[in-house]
Amino acid sequence: MWGGVISQSAWLLIVLLLNSGIHTLMYTYFFAKTLYPNLVIKGAKNLTTAQIVQFFVGILYTLPIHLLGGSCDSRASRFAVACIQLYALGLIFLFAAFRSAKYNKKTNGNKKNE
């Protein structure tokens, strides 16, 4: 994100809003679980899925920057977005592995639902 701010990137606002929206939901979930640890929130799996979708949407939204070249943004901005896209790809694999490990476990023949 720092690279996007320094290069005054046009694409940064959408990526920032996507990230902020997901984190608002995520921290609301953590707040509720802190106040009421025994509270079962069935949307936790959906929140993890939303995080993964956020990464895909961010990558797809910023992909045209590479195709449009200099008419769209500066070289510094394109480099910053490329770094963020590579980072987001890593996060997709990380969150997908977390989602699979946490929500697709089988315990005594039944799927674990949390």
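This structure is a prediction, so every number in the text was calculated from the model and none was measured. (Residues numbered from 1 in each chain as written. Predicted model: local features only at pLDDT ≥ 70, side-chain atom pairs only at ≥ 80, totals over all residues. Heavy atoms only, no water.)

Participant: Can you lay out the confidence of the model for the protein chain for me, pointing to particular residues and giving the numbers?
Facilitator: In the predicted model, the protein chain carries a mean pLDDT of 84, and the fraction of residues at 70 or more is 83%. The secondary-structure element of the protein chain with the lowest mean pLDDT is strand β2 (residues 110–111), recorded at 52, while helix α3 (residues 44–62) shows the highest, at 92. (pLDDT = per-residue confidence, 0-100. Helix = DSSP H or I, 4+ residues; strand = E, 2+ residues; numbered from the N terminus.)

Participant: Explain α3 to me, and be specific about the residues and the numbers.
Facilitator: Between the first and last C-alpha of α3 there are 27 Å, a value that for 19 residues agrees with the 27 Å anticipated at 1.5 Å per step. Buried within α3 are the following residues: A44, L47, T48, Q51, I52, Q54, F55, G58, I59 and T62. Viewed along the axis of α3, the buried residues span an arc of 145°, placing them on a single side of the element. Facing away from the buried side of α3, by more than 90 degrees, are the exposed residues N46 and L60. Looking at the packing, one finds that the buried side of α3 touches α2 (12–35), α4 (64–68) and α5 (75–103). (Expected span 1.5 Å × (residues − 1). Buried < 20%, exposed > 50% of the residue type's maximum accessible area, 1.4 Å probe, protein only. Arc of directions from axis to C-beta. Contact = heavy atoms within 4.5 Å.)

Participant: Account for the packing of α2 against α3, naming residues and giving values.
Facilitator: Interaxial distance between α2 and α3 falls to 10 Å at its minimum, and their mutual angle equals 170°. In this view, α2 runs roughly antiparallel relative to α3, as classed from their interaxial angle. From α2, I14, V15, L18, N19, I22, L25, M26 and Y29 reach across to α3, where they touch A44, L47, A50, Q51, Q54, V57, G58, Y61 and T62. Grouping the amino acids of the contact of α2 with α3 by side-chain chemistry returns twelve nonpolar, five polar and no charged. (Axes fitted to C-alpha atoms, helices over the stretch in contact; angles between N-to-C directions. Parallel < 35°, antiparallel > 145°, perpendicular 65-115°, else oblique. Nonpolar A, V, L, I, M, F, W, Y, C, P; charged D, E, K, R; others polar.)

Participant: Lay out the side chain of Q51 in plain terms, naming residues and giving numbers.
Facilitator: If you trace the backbone, Q51 turns up in helix α3. What Q51 contacts, discounting residues up to four positions off in sequence, is I22, M26 and F95.

Participant: Tell me what's going on with the packing of aromatic side chains, and back it up with residues and numbers.
Facilitator: Per the stated rule, a full pass over the model turns up four aromatic pairs. Ring centres of F98 and Y103 lie 6.4 Å apart, and the angle between their planes is 90°; this geometry places the pair in the edge-to-face category. Residue classification places F98 among the partly exposed residues on the basis of a relative accessible area of 42%. Put simply, the rings of Y27, Y29 and F30 touch in pairs and so form one group of aromatic residues. (Phe/Tyr/Trp six-rings, centres within 6.5 Å; stacked < 30°, edge-to-face > 60°.)

Participant: Account for the environment of T62, naming residues and giving values.
Facilitator: If you trace the backbone, T62 turns up in helix α3. Excluding anything up to four places from it in sequence, T62 contacts W11, V15, V81 and Q85. Here the side chain of T62 touches I59 through a polar contact of 3.3 Å, landing on its backbone oxygen. (Polar contact = N/O pair within 3.5 Å; in protein donor to acceptor, adjacent residues only side chain to side chain.)

Participant: If you had to explain a nonpolar patch on the surface to someone new, which residues and values would you point to?
Facilitator: Judged by side-chain polarity, L13, I14, L17 and Y61 come together as a nonpolar surface patch covering roughly 390 Å² of accessible area. In terms of residues, the nonpolar patch owes the most to one element, α2, which gives three residues. (Patch = residues over 30% accessible without salt bridge, like charges linked within 9 Å, V, L, I, M, F, W, Y side chains within 5 Å. Areas by Shrake-Rupley, 256 points an atom, 1.4 Å probe, with all protein chains shown as cover. Salt bridge = Lys/Arg side-chain N within 4 Å of Asp/Glu carboxyl O.)

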